[in-house]
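Chain and residue survey
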Amino acid sequence: MSSLSWFSHRLVPWYREHRRALPWRETRDPYRIWLSEVILQQTRVDQGLAYWQRFVAKWPTVADLAAAREDEVLKQWQGLGYYSRARNLLGAARQVMAEHGGAFPTTHAGLLTLKGVGDYTAAAIASISFGAPEAVVDGNVYRVLARVFGIDTPIDSTAGRKRFKELATRLVDPEHPGDHNQAVMELGATVCTPRNPTCLLCPVQPKCIAFASGRIADLPVKQGTARTRDRFFNYLHVRRDGNLYLRQRTGKDIWQGLFELPLIESEHPLTGPAFAPLLEERLGPGWTVEAHSKEAKHVLSHQVIHACFWTVVPPPGFTPPDDWSLMDPDRHAVPRLIERWLAHTPTSARP
Ligand code: SF4
């Protein structure tokens, strides 16, 4: 028995008794587990559950998902962000069908060959679905291990990632790797939370170095976060008979492939008088600016979008640019920011 086996021996029984009842915990189907892992990388369990249920209801098997159209998948994914993950989901489902005869690879290495599947997801599927002794390491795991073992190597450094992965691998219970991994993550999500962990209910508290030494608030250590960039989006709400003008985002930028109102990006936030000249410069003379919204802030991992929605009237005889089309926004995948604006803009006021 390893000198570290106490960790799993305390955690796994605790997990079996206290775990939240979630549908992907009732199955070993790699498709459903993979879906849950990908969705939960984007959102909390309460919100992710609804997404997972909708995905499974619409596409019950990997073959069903593989046969879906990309815009349908993006629409189901709407609101979760990082749309490349939704594209990878579809790409990986098609790979499973085309390259693996419809069955998921059963090893960590095999799973890593699927689109968008990284070390974390591969370890989760391999351990939960196939009983492979692979360690999952995510933010919850970093926090639990840093505190229990009193490790102050920064979790966002190369040395830290290596050290935590090695420790997590040594800790995995080869008899129950799936439950072991889920137990560590569950402890991090429900007991050993970033702030105010409930140490008195914690099954590893008698061995926890951070608890014994009063260092809970100091662990885990982070080197520092990347600077975020502010961007200023001016969306054009053009009144016209029929639907709204939308355009599809192209190029290597956020929200690639999604639809949005015509956009003018500026270097700074603009006031009413400053916006009219920019509008004229981009789209020609004769526009009337009727109104504008308050700033809507949308925070992404490395960018903060400051958006303003301008209600504008085009000059008579205006011909829209080639990439503008009159569309029903409810039928297309739009960024969350646009979705929120639509929700607060009565349909009668839109076109
Ligand atoms: S005792 Fe407290 S700090 Fe230590 S692992 Fe448990 S919840 Fe986290």
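Residues numbered from 1 in each chain as written. Predicted model: local features only at pLDDT ≥ 70, side-chain atom pairs only at ≥ 80, totals over all residues. Heavy atoms only, no water.

1. Points about the overall build of the chain
Of the regular secondary structure elements, the chain holds 14 helices and eight strands. In terms of overall dimensions, the chain has C-alpha extents of about 80 × 50 × 35 Å along its principal axes. Of all intrachain contacts in the chain linking residues separated by at least 6 positions in sequence, the fraction that spans at least 24 positions is 66%. By element, 51% of the accessible surface of the chain is carried by carbon and sulfur atoms, the whole surface being about 17,500 Å². Across the chain, the 42 positively charged side chains and the 36 negatively charged ones have centroids separated by 4 Å. (Helix = DSSP H or I, 4+ residues; strand = E, 2+ residues; numbered from the N terminus. Contact = heavy atoms within 4.5 Å. Areas by Shrake-Rupley, 256 points an atom, 1.4 Å probe, with all protein chains shown as cover. Lys, Arg positive; Asp, Glu negative; His and termini not counted. Charge placed at Lys NZ, Arg CZ, Asp CG, Glu CD.)

2. Structural notes on the sheet that holds strand β3 (residues 259-260)
The sheet built from three strands is open, its strands ordered β3-β2-β8 with antiparallel pairing. Strands with a single pairing partner mark the edges of an open sheet, and in this sheet they are β3 and β8 (325-327). When strand β2 (residues 244-248) meets β8, the two strands line up antiparallel, connected through three bridges. Opposite leucine 246, over in β8, you have serine 325 as the bridge partner. (Pairing = 2+ DSSP bridges.)

3. Some points on the pairing of strand β4 (residues 263-266)
Where burial is concerned, the two faces of β4 differ: the one with Ile264 and Ser266 is buried and the one with Leu263 and Glu265 is not. Where strand β1 (residues 229-238) meets β4, four bridges bridge the pair, whose relative direction is antiparallel. Bridge pairing in β4 links phenylalanine 233 to glutamate 265. (Buried < 20%, exposed > 50% of the residue type's maximum accessible area, 1.4 Å probe, protein only.)

4. Examining the environment of histidine 332
Considering the arrangement of structural elements, one finds histidine 332 in the loop between β8 and α14 (336-343). Sequence separation of histidine 332 and glutamine 78 is 254 residues, and the distance between their C-alpha atoms is 9.5 Å. Ignoring sequence-local partners within four residues, the contact set of histidine 332 consists of Lys75, Gln78, Phe259 and Met327.

5. Comments concerning the packing of aromatic side chains
Applying the stated rule across the entire model yields 17 aromatic pairs. Between tyrosine 31 and tryptophan 34, the ring centres sit 6.1 Å apart and the planes meet at 50°, which makes this aromatic pair tilted. Here tryptophan 34 and tyrosine 31 lie together in helix α2 (residues 30-40), a separation of three residues that amounts to about one turn. Measuring from ring centre to ring centre gives 5.7 Å for phenylalanine 318 and tryptophan 324, while their planes differ by 55°; the resulting arrangement is tilted. One aromatic cluster in this structure is built from Phe233, Tyr235, Trp255, Phe309 and Trp341. Sitting over the face of the ring of tyrosine 51, arginine 54 holds its NZ or CZ atom 4.8 Å from the ring centroid. (Phe/Tyr/Trp six-rings, centres within 6.5 Å; stacked < 30°, edge-to-face > 60°. Lys NZ or Arg CZ within 6 Å of the ring centre and 35° of its normal.)

6. Comments concerning the domain arrangement of the chain
The domain architecture assigned to the chain consists of domain 1 (5-218) and domain 2 (229-349). Taken over C-alpha atoms, the centre of domain 1 sits 37 Å from the centre of domain 2. Each partner contributes residues to the interface: domain 1 has eight residues there, and domain 2 has 12 residues. Regarding the contact of domain 1 and domain 2, the summed buried area is about 740 Å², with carbon and sulfur atoms giving 46% of it. Run the count over domain 1 and domain 2 and you get five residue pairs in polar contact (both at pLDDT 80 or more). Partitioning the side of domain 1 that touches domain 2 into residue classes produces three nonpolar, three polar and two charged. (Domains from an automatic or database assignment. Buried area = accessible area lost by both parts, 1.4 Å probe. Polar contact = N/O pair within 3.5 Å; in protein donor to acceptor, adjacent residues only side chain to side chain. Nonpolar A, V, L, I, M, F, W, Y, C, P; charged D, E, K, R; others polar.)

7. Side note on the nonpolar core
By size, the foremost hydrophobic cluster in this structure holds 95 residues, and its most contacted members are Phe7, Trp34 and Phe149. Three or more residues apiece are contributed to this core by two domains, here domain 1 (5-218) and domain 2 (229-349). Setting aside residues no more than four positions away along its own chain, phenylalanine 149 makes contact with Leu4, Trp6, Phe7, Leu167, Leu171 and Ile209. Membership of the second largest hydrophobic core comes to 13 residues, among which are Leu236, Val238, Tyr245 and Cys308. (Core = buried A, V, L, I, M, F, W, Y, C linked by side-chain atoms within 4.5 Å.)

8. With respect to the environment of threonine 61
Among the secondary structure elements, threonine 61 is positioned in the loop between α3 (45-58) and α4 (62-66). Residue threonine 61 is classed as partly exposed on the basis of its relative accessible area of 36%.

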